[in-house]
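# Tertiary structure, described
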Amino acid sequence: MNLEHDVELRHLEHFVAVAEERSFTRAAARMHLVQSAVSVSIRSLERELGGRLFDRTTHHVELTDAGRALLVEARNALAAVDAARDAVAAAHGGLRGTVRVGIMHSMTLIDLAAVLTRYHQERPHVQIVPSAAQGGSTELAGQVIDGRLDLAFAALPSDYPPGLTVHPLASEPMLLACPDDHPFARRRVVPLTELDGERFVDFPSGWGTRLSVDRLFLETGVRRLVTVEVADVPTVVELVRAGFGFAFLSDSLISGSHAVALRPVQPEPALVISLITAANRRPSAAAQALIELVLATFVGPQPDA
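So, here is what we can say about the structure in this document. Nothing here was measured: the structure is a model prediction, and the numbers come from that model. (Residues numbered from 1 in each chain as written. Predicted model: local features only at pLDDT ≥ 70, side-chain atom pairs only at ≥ 80, totals over all residues. Heavy atoms only, no water.)

## What about the overall build of the chain?
Scanning the chain for helices and strands turns up 10 helices and 14 strands. Once the C-alpha set of the chain is aligned to its principal axes, its extents read approximately 70 × 50 × 30 Å. A burial count over the chain gives 43% of its 305 residues as buried. Sequence-distant contacts, at least 24 apart, represent 74% of the contacts inside the chain between residues at least 6 apart. Element-wise, carbon and sulfur atoms account for 52% of the exposed surface of the chain, whose accessible area totals about 15400 Å². Placing the 28 positive and 36 negative side-chain charges of the chain at their respective mean positions leaves the two points 3 Å apart. (Helix = DSSP H or I, 4+ residues; strand = E, 2+ residues; numbered from the N terminus. Buried < 20%, exposed > 50% of the residue type's maximum accessible area, 1.4 Å probe, protein only. Contact = heavy atoms within 4.5 Å. Areas by Shrake-Rupley, 256 points an atom, 1.4 Å probe, with all protein chains shown as cover. Lys, Arg positive; Asp, Glu negative; His and termini not counted. Charge placed at Lys NZ, Arg CZ, Asp CG, Glu CD.)

Okay, structure coming up:
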């Protein structure tokens, strides 16, 4: 689908709001408009494009196939307009705009706060909007692809979905976490084969750390039983300490906590944090400046384009 028709930007903005909110009422509140104005705007867009964009019922608003196709193009069109505005603003005295950044629930391996602080000091008129995703790195990758995020920090083990540019920033081994009084705590290295059939506490399936561990066990043929899934690191540590199962964590994830013992495993999974951006969408000037600062900080000087 293309947008060569005479479609007004405000119609696209209203369409994206309804698509994301799945509600005309919530979209209207988000856009600071009355609901009737949003409804009229969507009907006008549907007439212009020649097809229904939403299936509407009393309680639900769902995208049609045409609506799903339009959503990607609409986000790209609005992002291009924002990029143009940012470029003009930069030429007249500094960057402005908003950069939407996806972050992981625990990112102590890299000092992102220091980078964002420096960016804000150098570009005070740019608003950084960070957001985490309950679905972990898998969800963050999807949000970058579909335009909800300008960039994100993720930790998928490899094989990121198409449509992304991936810049590895830092990595570290993941270690076996066990109670201090467990026999494994006295071992220098634990062979992975000795964990066959053991119980584990782990993060949800979309998290990069979980995917790394799952892949290692699948490739080696070692079995494990994930008995508890939780979405925060401190709870994982406490459950391991209480004997609910082992876990794979890293030094940076537990920030020096001595509540559990960490022992190397052979072979070992790894935590790799990467910066991901959309491969087929040009970032705004403000987003590009943040991307360049992140890469310069964690990877090193970048070659001129």
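## A closer look at the nonpolar core
By size, the foremost hydrophobic cluster in this structure holds 71 residues, and its most contacted members are Val99, Leu151, Phe153, Leu176, Leu195, Phe248 and Leu249. With 8 residues, the single largest contributor to this core is helix α10 (residues 285-298). Listed in part, the 20 residues of the second largest apolar core include Phe24, Leu53, Phe54 and Leu70. (Core = buried A, V, L, I, M, F, W, Y, C linked by side-chain atoms within 4.5 Å.)

## Thoughts on the packing of helix α1 (residues 9-21) against helix α2 (residues 24-31)
Between α1 and α2, the least distance of the axes is 8 Å, while the angle of their chain directions is 130°. By the angle between their axes, α1 is oblique relative to α2. Crossing angle aside, the handedness with which α1 passes α2 is right-handed. For the pair formed by α1 and α2, the contact residues are Glu13, His14, Val16, Ala17, Val18, Glu20 and Glu21 on the first element and Phe24, Arg26, Ala27, Arg30 and Met31 on the second. Considered class by class, the residues forming the contact of α1 with α2 number 6 nonpolar, 1 polar and 5 charged. (Axes fitted to C-alpha atoms, helices over the stretch in contact; angles between N-to-C directions. Parallel < 35°, antiparallel > 145°, perpendicular 65-115°, else oblique. Left-handed = near helix turned anticlockwise from the far one by under 90°. Nonpolar A, V, L, I, M, F, W, Y, C, P; charged D, E, K, R; others polar.)

## Comments concerning the pairing of strand β3 (residues 97-103)
As defined by bridge partners, β3 adjoins strand β4 (residues 126-132) across 7 bridges and the pair is classed as parallel. Bridged to Gly102 within β4 is Ser131. Handedness of the crossover joining β3 and β4 through helix α5 (residues 112-122): right-handed. Across 2 bridges, the pairing between β3 and strand β5 (residues 151-154) is parallel. Bridge assignment links Gly102 to a residue of β5, and that residue is Ala152. (Pairing = 2+ DSSP bridges. Right-handed = clockwise from strand over helix to strand, strands pointing away.)

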